[in-house]
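If you want the building blocks of each chain, they are given just below.
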Amino acid sequence: MANESQNWVLMVTAQTPTNIAVIKYWGKRDETLILPVNDSISVTLDPNHLCTTTTVAVSPTFQQDRMWLNGKEISLSAGRFQSCLREIRGRACDVEDKKKGVKITKEDWGKLHLHIASYNNFPTAAGLASSAAGFACLVYALGKLMNVKEDESQLSAIARQGSGSACRSLYGGFVKWIMGKEDNGSDSLAVQLADEKHWDDLVIVIAVVSSRQKETSSTSGMRETVETSLLLQHRAKDVVPKRILQMEEIIRNRDFASFSRLTCADSNQFHAVCLDTSPPIFYMNDTSHRIISIVEKWNRSEEDPQVAYTFDAGPNAVLIARDRKAAALLIQRLLYYFPPSSDDLDSYIIGDKSIAKDAGINGIPDVEALPPPPEIKDNIPSQKYKGDVSYFICTRPGRGPVLLSDESQALLNGENGLPK
Ligand SMILES: Nc1ncnc2c1ncn2[C@@H]1O[C@H](COP(=O)(O)OP(=O)(O)OP(=O)(O)O)[C@@H](O)[C@H]1O
Ligand SMILES: C[C@@](O)(CCOP(=O)(O)OP(=O)(O)O)CC(=O)O
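Okay, so let's go over this structure. (Residues numbered from 1 in each chain as written. Chains lettered and ligands numbered in written order. Predicted model: local features only at pLDDT ≥ 70, side-chain atom pairs only at ≥ 80, totals over all residues. Heavy atoms only, no water.)

## Details of the pairing of strand 6 (residues 51-59)
Put simply, the test is: For every residue, the accessible area obtained with a 1.4 Å probe (protein chains only) is divided by the maximum for its type, and the residue is called buried under 20%, exposed over 50%, and partly exposed between those limits. In this text, helices come from DSSP runs of H or I with a minimum length of four residues, and strands from runs of E with a minimum of two, each type numbered from the N-terminal end.
Along strand 6, nine of the nine residues are buried, which leaves the element largely enclosed by surrounding structure. Here strand 6 shows no split at all, with Cys51, Thr53, Thr55, Ala57 and Ser59 on one side and Thr52, Thr54, Val56 and Val58 on the other all buried.

## Considerations on the site of ligand 2
Formally: In these notes, residues near a molecule or strand are those with any non-hydrogen atom within 4 Å of it. Here a polar contact means two N or O atoms within 3.5 Å. Within protein one must be a hydrogen donor candidate and the other an acceptor candidate, and residues neighboring in sequence count only if both atoms are side-chain atoms. Each accessible area is a Shrake-Rupley estimate made with a 1.4 Å probe; only the visible protein chains count as cover when residues are assessed. Residues are grouped as follows: Ala, Val, Leu, Ile, Met, Phe, Trp, Tyr, Cys and Pro are nonpolar; Asp, Glu, Lys and Arg are charged; every other residue, Gly included, is polar. Domain segmentation is taken from an automatic or database assignment of domains.
In the vicinity of ligand 2 there are 18 residues, among which Tyr25, Lys28, Ser163, Gly164 and Ser165 approach most closely. Contact between ligand 2 and serine 165: an oxygen atom at 2.7 Å from a side-chain N or O atom of the residue. At a separation of 2.8 Å, an oxygen atom of ligand 2 approaches a polar side-chain atom of arginine 168. Burial of ligand 2 by the surrounding chains reaches 94%, relative to a free accessible area of 460 Å². Examining the composition of the shell around ligand 2, we find that three residues originate from one element, helix 4 (residues 218-228), more than from any other. Residue composition of the shell around ligand 2, by class: seven nonpolar, six polar and five charged. Counting the residues that make up the shell around ligand 2, at least three belong to each of domain 1 (10-196) and domain 2 (203-395).

## Some words on the packing of helix 1 (residues 79-89) against helix 2 (residues 130-145)
Filter applied, for reference: Interaxial angle, 0 to 180 degrees, is taken between N-to-C directions of lines fitted to C-alpha atoms, where a helix line uses only the stretch in contact. Any angle between 65 and 115 degrees counts as roughly perpendicular, while under 35 counts as roughly parallel, over 145 as roughly antiparallel, and the rest as oblique. Helix crossings fall into two classes, left-handed where the near helix is turned counterclockwise from the far one by less than a right angle and right-handed where it is turned clockwise. Residue contacts follow a heavy-atom distance rule, with two residues in contact if any of their heavy atoms lie within 4.5 Å.
As a packed pair, helix 1 and helix 2 sit with axes 10 Å apart at the nearest point and diverge in direction by 25°. Considered as vectors, helix 1 and helix 2 are oriented roughly parallel to each other. Where helix 1 crosses over helix 2, the handedness of that crossing is right-handed. The residues of helix 2 that touch helix 1, namely those facing Arg80, Phe81, Cys84, Leu85 and Ile88, are Phe135, Leu138, Val139, Leu142 and Gly143. Residue composition of the contact of helix 1 with helix 2, grouped by class: eight nonpolar, one polar and one charged.

Without other data, these values stay purely geometric and don't point to any function.
The following block contains the structure:
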């Protein structure tokens, strides 16, 4: 380290999206390296609405590696953090900041400590893939700070060791996680299938059914599934390989009808696999099931499906509409069945609020005036479920990680490397 003073702090801030799988990852063949039993495919969500921001800093004054998540200091001792830190340090290169008079050699990185601050703009550990955006952002930001030369795909194999689904957050658009064959995991990485502009008609509405922390984490849930479910073996060996090829073609052709059928079928099979686990795991609840029925009824009443649904390891519904028109009709249906429990419509529909405007929803009276959807006209009276959805997030497919160069967006103080 050839430096004029010992008081410098070098920092990088990055922003990374979350993703939602349309062909699910569930089950590991190696727990430590996080190697899956099948390929998976996801859509990256627009970071304007759901994202992680992470600042990483290095300074000779730091005494140990430290991390703050959403403002609270957390331990970095977990194997997942240690794997990511070790792997990225192993690839660090020389860094020079002429303005600050700082020179760090490849070898120095092993001796220097890091400070990391991260913030999720959505609930953590609530089934909204915070671990995916979080580990992808950590690895991406550290890669930039340490001048790592590897491309996004190689970085994805490091993020994978933090949380499997994180590897798919290194790219925007549609992303495939290739399970790989090697025992050391070197070929288990993400590749981009299409960028976010390829299919930009799609609109995504997330019904946040519960933002409480879930009972069974994905990690322990999938461990129990691997140990006990015969259905998982059939899924991984016979079902998913074919579905991956089908989904790749569907995405290439922007074939929404097939996309909807396959996405719903794969979500349902993932939850069937959870039920086939001993003891069974229930991630969806009555509200989730009600949302499935609403979408199924509507799709069946139309010539072509209008919406796809998919649920991760929690009760929240991720609904993908074929275009803005379908999204507006979807919002009308959702608000008809799940009106807000308070008068605060503004915090009930967040993200891209223009979708609600398209649906003619500008205030509570518009919600109250919504007629029952035509597909249920023979089955009236239909029940309403006020308060069963916490809020809706309107979003769309989005871009991959970016650097935030404006220092005012950094989460650490540039003078002392502590949280702002
Ligand atoms: N911004 C972040 N940076 C680093 N790690 C994070 C970040 N956010 C979350 N994590 C890690 O991920 C854990 C939460 O992961 P978990 O899988 O339980 O929930 P989730 O990712 O929100 O839900 P799911 O994976 O089921 O969609 C946190 O306890 C923390 O260890
Ligand atoms: C249901 C899923 O969201 C499971 C995600 O599991 P995680 O990636 O959170 O699990 P770990 O690898 O143990 O950290 C499906 C998916 O994202 O493909």
